[in-house]
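The lines below spell out each chain.
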Amino acid sequence: PWFLFLKNLFASVGAGMTVKFFPLFFTTECGLSPIQLQVVYLCLPVIVAAGTVLCTKVAKRAGRMQVTIPCDLLGICMTMTMSLARPFYGLPYVMIPIYLVRCGFMWSTLGLSYSIIADYVPKEYR
């Protein structure tokens with residue numbers, strides 16, 4: 001549980017410093033209009049929901065932590081890919097899929113993470 005706690009702590013701090021600025025990044029660097037930006041954020045819950053269903057099914061066979069850790073690592077890799085893809089910032093058809101996949105990996109395992117934490121917290125404290 002300590003590993004999961006530290007992972008969630010670092011992800012929360014890091015996400016607080018990056019996620020809020022993605023809309024600004026997409027409008028200034030990628031040149032998206034407000035309508036295009038809203039379409040991106042309309043697609044995001046669909047991708048996360050599909051990823052959550054997939055991760056839950058895989059976790060039943062492989063285990064919750066065995067799914068959570070690789071998905072989080074892939075999400076971190078996608079975030080790094082976004083930061084290193086500076087020559088492609090003006091190409092929304094490159095940056096938007098990277099962002100959607102990044103969010104899909106990072107957010108699809110939240111339910112699994114919370115269920116692991118709930119296993120270690122006594123019922124009277126939940």
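Preceding block: the structure.
Residues numbered from 1 in each chain as written. Predicted model: local features only at pLDDT ≥ 70, side-chain atom pairs only at ≥ 80, totals over all residues. Heavy atoms only, no water.

## Structural notes on the overall build of the chain
Then step 1. In terms of regular secondary structure, the chain is built from 6 helices and 0 strands.
Then step 2. In the chain, the order of α-helices and β-strands from amino to carboxyl end is α-α-α-α-α-α.
Then step 3. Structurally, the chain occupies a C-alpha span of about 50 × 25 × 25 Å along its principal axes.
Then step 4. For the chain, with 126 residues in total, the buried portion stands at 31%.
Then step 5. Contacts spanning at least 24 positions in sequence make up 75% of the contacts within the chain whose residues lie at least 6 apart.
Then step 6. Here the chain displays about 8100 Å² of accessible surface, and carbon together with sulfur accounts for 74% of that area.
Then step 7. For the chain, the separation between the mean place of its 10 positive charges and that of its 4 negative charges on side chains is 7 Å. (Helix = DSSP H or I, 4+ residues; strand = E, 2+ residues; numbered from the N terminus. Buried < 20%, exposed > 50% of the residue type's maximum accessible area, 1.4 Å probe, protein only. Contact = heavy atoms within 4.5 Å. Areas by Shrake-Rupley, 256 points an atom, 1.4 Å probe, with all protein chains shown as cover. Lys, Arg positive; Asp, Glu negative; His and termini not counted. Charge placed at Lys NZ, Arg CZ, Asp CG, Glu CD.)

## Observations regarding the side chain of S108
Then step 1. Considering the arrangement of structural elements, one finds S108 in the loop between α5 (92–107) and α6 (110–120).
Then step 2. Of note is the side chain of S108, whose polar atom sits 3.4 Å from the backbone oxygen of V48.
Then step 3. Side-chain polar atoms of S108 contact the backbone nitrogen of T52, separated by 3.5 Å.
Then step 4. Look past the residues within four positions of S108 in its chain and what remains in contact with it is I47, V48, G51, T52, C55 and C103. (Polar contact = N/O pair within 3.5 Å; in protein donor to acceptor, adjacent residues only side chain to side chain.)

As far as function goes, none of this settles anything; it's purely spatial.
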